[in-house]
Amino acid sequence: MFQFKDSMKAVWVNIAPLSVCVLAVLGCQQAPQEEVVIRPEKTVVVRPTDSSSPQQPTSNENQQMMPSTESSNTPAEHPEADGGEIVLGGKYRLTVPQGWQRRTPAISMIEYEFSVPAVEGDPRDGRVTFMAAGGSVEANIQRWINQFEHPEGQPASDQVKQETLEIAGTRVHLVDITGTYMESSGPMMGNAVPRENYRMLGAVIESQDGLNYFIKFYGPRKTVTTNAEAFRKMIQSLHP
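What counts, and where the lines are drawn
- Residues numbered from 1 in each chain as written.
- Predicted model: local features only at pLDDT ≥ 70, side-chain atom pairs only at ≥ 80, totals over all residues.
- Heavy atoms only, no water.
- Helix = DSSP H or I, 4+ residues; strand = E, 2+ residues; numbered from the N terminus.
- Buried < 20%, exposed > 50% of the residue type's maximum accessible area, 1.4 Å probe, protein only.
- Contact = heavy atoms within 4.5 Å.
- Areas by Shrake-Rupley, 256 points an atom, 1.4 Å probe, with all protein chains shown as cover.
- Arc of directions from axis to C-beta.
- Core = buried A, V, L, I, M, F, W, Y, C linked by side-chain atoms within 4.5 Å.
- Pairing = 2+ DSSP bridges.
- Polar contact = N/O pair within 3.5 Å; in protein donor to acceptor, adjacent residues only side chain to side chain.
- Phe/Tyr/Trp six-rings, centres within 6.5 Å; stacked < 30°, edge-to-face > 60°.

Student: Give a description of the overall build of the protein that names residues and reports values.
Tutor: Helices and strands together make up the secondary structure of the protein, namely 5 helices and 13 strands. A buried classification covers 40% of the 240 residues belonging to the protein. Within the protein, contacts between residues separated by at least 24 positions form 55% of all contacts whose residues are at least 6 apart in sequence. For the protein, the accessible area works out to roughly 13800 Å², and carbon and sulfur atoms hold 52% of it.

Student: Outline helix α5 (residues 228-236), supporting the account with residue identities and numerical values.
Tutor: Those residues of α5 not exposed but buried are Ala228, Phe231, Met234 and Ile235. Relative to the axis of α5, the buried residues are bounded by an arc of 120° and lie together on one face.

Student: Before we move on, can you summarise the nonpolar core with the specific residues and values?
Tutor: The biggest cluster of nonpolar side chains holds 28 residues, and the ones touching the most others in it are Leu88, Trp100, Phe130, Ile215, Phe231, Met234 and Ile235. Counting residues in hydrophobic clusters, the runner-up holds 19 residues, among them Ile110, Ile141, Val175 and Met200.

Student: Residue-level account of the pairing of strand β5 (residues 82-88), with values.
Tutor: Sheet topology note: the β5/strand β6 (residues 92-103) ladder contains 6 bridges and is antiparallel. Within β6, the residue paired with aspartate 82 across the bridge is glutamine 101. Remark: 3 residues form the turn of the hairpin made by β5 and β6, two consecutive strands paired antiparallel; glycine 89 in that turn has positive phi of roughly 60°.

Student: Can you tell me about the side chain of glutamate 113, naming the residues and giving the values?
Tutor: If you trace the backbone, glutamate 113 turns up in strand β7 (residues 112-116). For glutamate 113, a relative accessible area of 6% corresponds to the buried category. In this structure the side chain of glutamate 113 is engaged in a polar contact, spanning 3.0 Å, whose partner is the backbone nitrogen of alanine 106. Beyond its immediate stretch of four places on either side in the chain, glutamate 113 contacts Gln101, Arg102, Arg103, Thr104, Pro105, Ala106, Arg127, Val128 and Thr129.

Student: Give me the environment of proline 240: which residues, what numbers.
Tutor: Of note, proline 240 is situated in the segment after α5. Residue classification places proline 240 among the exposed positions, given a relative accessible area of 69%. When the C-alpha atoms of proline 240 and tyrosine 92 are compared, they prove to be 4.8 Å apart, with 148 residues separating the residues in sequence. With residues up to four places along the chain from it excluded, the contact list for proline 240 reads Lys91, Arg93 and Ala168.

Student: With reference to specific residues and values, describe the packing of aromatic side chains.
Tutor: Here the structure, examined in full by the defined rule, presents 9 aromatic pairs. For the pair tryptophan 144 and phenylalanine 214, a centre-to-centre distance of 6.0 Å together with 90° between the ring planes defines the contact as edge-to-face. Of this pair, tryptophan 144 sits in helix α3 (residues 137-146) while phenylalanine 214 sits in strand β13 (residues 212-220), placing them 70 residues apart in sequence. The exposure class of tryptophan 144 is buried, given its relative accessible area of 3%. Classification of phenylalanine 214 as buried rests on a relative accessible area of 4%. Judged by centre distance (5.0 Å) and plane angle (50°), the ring pair of tyrosine 181 and tyrosine 218 falls under tilted. Note that tyrosine 181 is positioned in strand β11 (residues 170-183) and tyrosine 218 in strand β13, a separation of 37 residues in sequence. Pair check on accessibility: tyrosine 181 and tyrosine 218 agree, each one buried. Here a set of aromatic residues connected by ring pairs shows up, and it is made of Phe148, Tyr181, Tyr198 and Tyr218.

In structure tokens form, the structure reads like this:
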């Protein structure tokens, strides 16, 4: 309590309420820090965001519960966006081929998504996704392989090709898979629909920060094969 007096009157001012208001305002300026936990052999996905809209990491188990939209006809978020340079996680740059149309990512864990127009005779477009994830390179590639089925008696290894490149000082693992792709949707990724004669081209960019970057291009085999060289050139365009 402070007392101020003049010749005419005394004014009593209680500053306690003012102190409470100041403390409340200062407290509101501190935002909680987000913690990301990466568990061994599990995929923990983080979509890079700005500090004004933090996102919670999404585990591979949660991804299993989200519907696949591989064959959807989601309108382009930016119809004029056709290929061009993108930046993954604010650190890796890639040049996407012209003719590949940017789409609104089907789920929040996907950083970028593109549609590759189907070639004549193919029933649907190809789909390309870019995302960051934890977990080992081998475990995630095996998960891609397990999404395919092959003729009885024919080992999956006969339909899988792998190689490792070093691009701009960064290790990049490439995988090429053909067969019947089991497209799943709904809770717990049930209701799998077999997509015969499909092909997937995948790339895993190794990172030193614990989160690798995964690029997956899949769809009808003819469409993917027609764009296979463009996909490889995109991967080879990688630079900081």
